[in-house]
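Chain by chain, the residues run as shown.
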Amino acid sequence: MKKKNNKRSSRVAPKKVRFKKGAKNLTAQAGLIPVVKFLQKHNVPELIQSTVQHKRGFNASYNAVDVIFLPLVAMIGGARSISGVITVWADSVLCRVAGWTSIPDETTLGRILKTFKQKHINNQETLLHQIRTRMWRKALRSGKSSIGATPCVTIDVDSSVKTVYGTQQGAKKGYNTHKRGAVSYHPLLAFCAETKEILQGWLRSGDAYTSNGIVEFTKQLLAHLPNKTKILFRGDSGFFSGELLDLLEKYGHGYLIKVKLKGLKQLLMAQQWTPIPKQPGWEQCVFMHQCGTWSKARLFMAVRREKPTKASPQGTLFETKDYDFFCYVVTDCQTPWQAHKQYGQRATCETWIDEAKNQTALAHIKTDDFWANSALFQSAILAYNTIRWMALLSDNTLIRRWEPATVRTFLIRVAAKFTTGSNQQTLITPDRMLYTAQWDDWVAVAVGEG
């Protein structure tokens, strides 16, 4: 008598599969529909229409809402070119649910973008602040975040290089660590450390120095923040500017900026250094210093550690020491070690810039016209921020930690079937999903109450 084989297997013999065309009302990016509904719930199309003063002919089929909203949603879906924008919106379910009966072709979209001028970009910057104000107010009222009432927020300001291929207006040779000698753009960005969102961004030519325009940039940013909110401006040595410090002090804001100063090492060597408690090998100093063009002396804090030295076979007549120095100009009365550690947290800003550039196509989609590229740049900022805002209002801690690419993988590219009946529209998604709770929160923040 044969023994029965009770061994369990994780696989079965595969059967033949027939392939057939004809399925209708299917989508592979169901997660974009909550994005569209979220933006519509907060009246973003209406805000675009009323804020961006871009007039077209009476018989024009497409307007400013189309050339801002369509790329915004498509970039969240992964578009990295104008043709990619059209490809994302070729999804009939997405168009139907979003209310678009037709979309412009690639040539038409590019042509309309090239009618944008500097005043329209200024309008888009104002639009960004208006939407952000609404999101912060909603987060505060719903209890999801206190960012709208926080007495002080940390703003990380940084610039980035985006290499350009081909011939585009405003693309010039400048400091480019990735491709030396290549033309590029040099955007300037301000991030809110508490929410990871981009508060403001300017697209600049590639030959712009890091701090070019930083005073006007900061004035514009401060004008759109809540009146009682104080900021801590955190920046690298490229923003070591007396004019910027004067502006921040005038309005009672703080700063923590890395020092870039000719003769800094000699200045630091002349200071009185003391050991840092519980930090072996580290020393600190605090001093006041007035740079040549400044109106007054300011507080400097520095830390240093001795560099390891290799023993010389010939030996040395006199013992010399060499140090790694880290120096900051600050407003807060903290210790130098605390200032050093707080500045170190700014490293996450570079991560956010990388996410915005490589995952939501910031400064990536380009035409040969600078203002058209600036319009696409502002749409990319809105795309990046929309993901951050939905995460903020969902109160889902995992979604808040996810990068845009992760959100796209697990929450955007979801298969679904669209059905209608009894005057209702229904999107049917799979029963089993890898992140069911996160999907439910993603949908709830778009179609929930409030």
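Above: the structure in question.
For the structure given in this document, a descriptive report is provided here. All figures in this text were calculated on a predicted structure; none of them were measured in a lab.

**Remarks on the nonpolar core**
Consideration 1: Formed by 89 residues in total, the largest nonpolar core has its most connected members in Phe 38, Phe 69, Trp 89 and Trp 442.
Consideration 2: No other element matches helix α13 (residues 370–394), which puts 16 residues into this core.
Consideration 3: Residues within four places of Phe 69 in sequence aside, it is in contact with Val 36, Leu 39, Pro 45, Ile 48, Trp 89 and Trp 100.
Consideration 4: Of all hydrophobic cores here, the second largest spans 41 residues; its members include Ile 147, Ala 190, Phe 325 and Cys 327.

**What to know about the environment of Asp 66**
Consideration 1: With respect to the secondary-structure elements, Asp 66 resides in helix α3 (residues 64–76).
Consideration 2: With a relative accessible area of 8%, Asp 66 lands in the buried category.
Consideration 3: Here the alpha-carbon distance between Asp 66 and Glu 403, two residues 337 residues apart in the chain, equals 26 Å.
Consideration 4: Not counting residues up to four positions away in its chain, the partners in contact with Asp 66 are Ser 61, Pro 71 and Trp 100.
Consideration 5: Looking at Asp 66, its side chain comes within polar contact range of the side chain of Trp 100, at 2.8 Å.

**Regarding helix α1 (residues 32–41)**
Each α-helix winds once per 3.6 residues, and so residues spaced three or four apart point in a common direction.
Consideration 1: Counting buried positions along α1 yields 7 of 10 residues, so the element is predominantly enclosed.
Consideration 2: When α1 is considered as a whole, its buried residues turn out to be Leu 32, Ile 33, Pro 34, Val 35, Val 36, Phe 38 and Leu 39.
Consideration 3: Directly beyond the C-terminal end of α1, a positive phi value near 60° is found at Asn 43.

**Thoughts on the sheet that holds strand β8 (residues 230–235)**
Consideration 1: Spatially, 9 strands are ordered β7-β6-β2-β8-β9-β13-β12-β11-β10 in an open sheet, and the strand pairing comes out mixed. The two strands at the open ends of the sheet, each matched to only one other strand, are β7 (198–202) and β10 (274–275).
Consideration 2: Summarising the sheet, strand β2 (residues 152–159) and strand β6 (residues 188–192) pair through 5 bridges and their orientation is antiparallel. Along β6, the bridge assignment pairs Ser 159 with Leu 188.
Consideration 3: Packing of helix α7 (residues 118–142) onto the sheet brings it into contact with β6 and β7, and relative to β7 it is tilted by some 175°.
Consideration 4: Along the sheet, helix α12 (residues 347–359) makes contact with β2, β6 and β7, crossing β2 at roughly 60°.

**Some points on unusual backbone geometry**
Consideration 1: A positive phi angle is found at Asn 25, which is not glycine, with a value near 60°.
Consideration 2: Positionally, Asn 25 belongs in the segment before β1 (26–27).
Consideration 3: By relative accessible area, Asn 25 is classed as partly exposed at 31%.
Consideration 4: Its identity is not glycine, yet Lys 196 carries a phi of approximately 70°, on the positive side.
Consideration 5: By secondary structure assignment, the location of Lys 196 is in the loop between β6 and β7.
Consideration 6: You can call Lys 196 partly exposed: its relative accessible area is 23%.

**Some details on the side chain of Asp 156**
Consideration 1: Position of Asp 156 relative to the elements: it lies in strand β2.
Consideration 2: Residue Asp 156 is classed as buried on the basis of its relative accessible area, which comes to 0%.
Consideration 3: Within the structure, the side chain of Asp 156 is placed 2.6 Å from the side chain of Arg 234, a separation counted as a polar contact.
Consideration 4: The residues touching Asp 156, leaving out its near neighbours within four places in the chain, are Leu 189, Ala 190, Phe 191, Ala 193, Arg 234, Arg 346, Cys 349 and Trp 352.

**Side note on the packing of aromatic side chains**
Consideration 1: Taken as a whole and assessed by the stated rule, the structure comprises 20 aromatic pairs.
Consideration 2: In this structure an aromatic cluster arises from ring pairing among Phe 240, Phe 287, Trp 294 and Phe 300.
Consideration 3: Taking NZ or CZ as reference, Arg 298 lies 4.9 Å from the ring centre of Trp 294, over its face.
Consideration 4: Looking at Arg 304, its charged tip hangs above the ring of Tyr 323, at a distance of 3.9 Å from the centre.

**Thoughts on the environment of Ala 193**
Consideration 1: Positionally, Ala 193 belongs in the loop between β6 and β7.
Consideration 2: For the pair Ala 193 and Ser 10, spaced 183 residues apart in the sequence, the C-alpha separation amounts to 46 Å.
Consideration 3: Once you skip the residues sitting within four places of it in the chain, Ala 193 turns out to touch Thr 154, Asp 156, Arg 234 and Trp 352.

Reading the values: the criteria
- Residues numbered from 1 in each chain as written.
- Predicted model: local features only at pLDDT ≥ 70, side-chain atom pairs only at ≥ 80, totals over all residues.
- Heavy atoms only, no water.
- Core = buried A, V, L, I, M, F, W, Y, C linked by side-chain atoms within 4.5 Å.
- Buried < 20%, exposed > 50% of the residue type's maximum accessible area, 1.4 Å probe, protein only.
- Helix = DSSP H or I, 4+ residues; strand = E, 2+ residues; numbered from the N terminus.
- Contact = heavy atoms within 4.5 Å.
- Polar contact = N/O pair within 3.5 Å; in protein donor to acceptor, adjacent residues only side chain to side chain.
- Pairing = 2+ DSSP bridges.
- Axes fitted to C-alpha atoms, helices over the stretch in contact; angles between N-to-C directions.
- Phe/Tyr/Trp six-rings, centres within 6.5 Å; stacked < 30°, edge-to-face > 60°.
- Lys NZ or Arg CZ within 6 Å of the ring centre and 35° of its normal.

Honestly, that's just the spatial picture; any functional story needs more than this.
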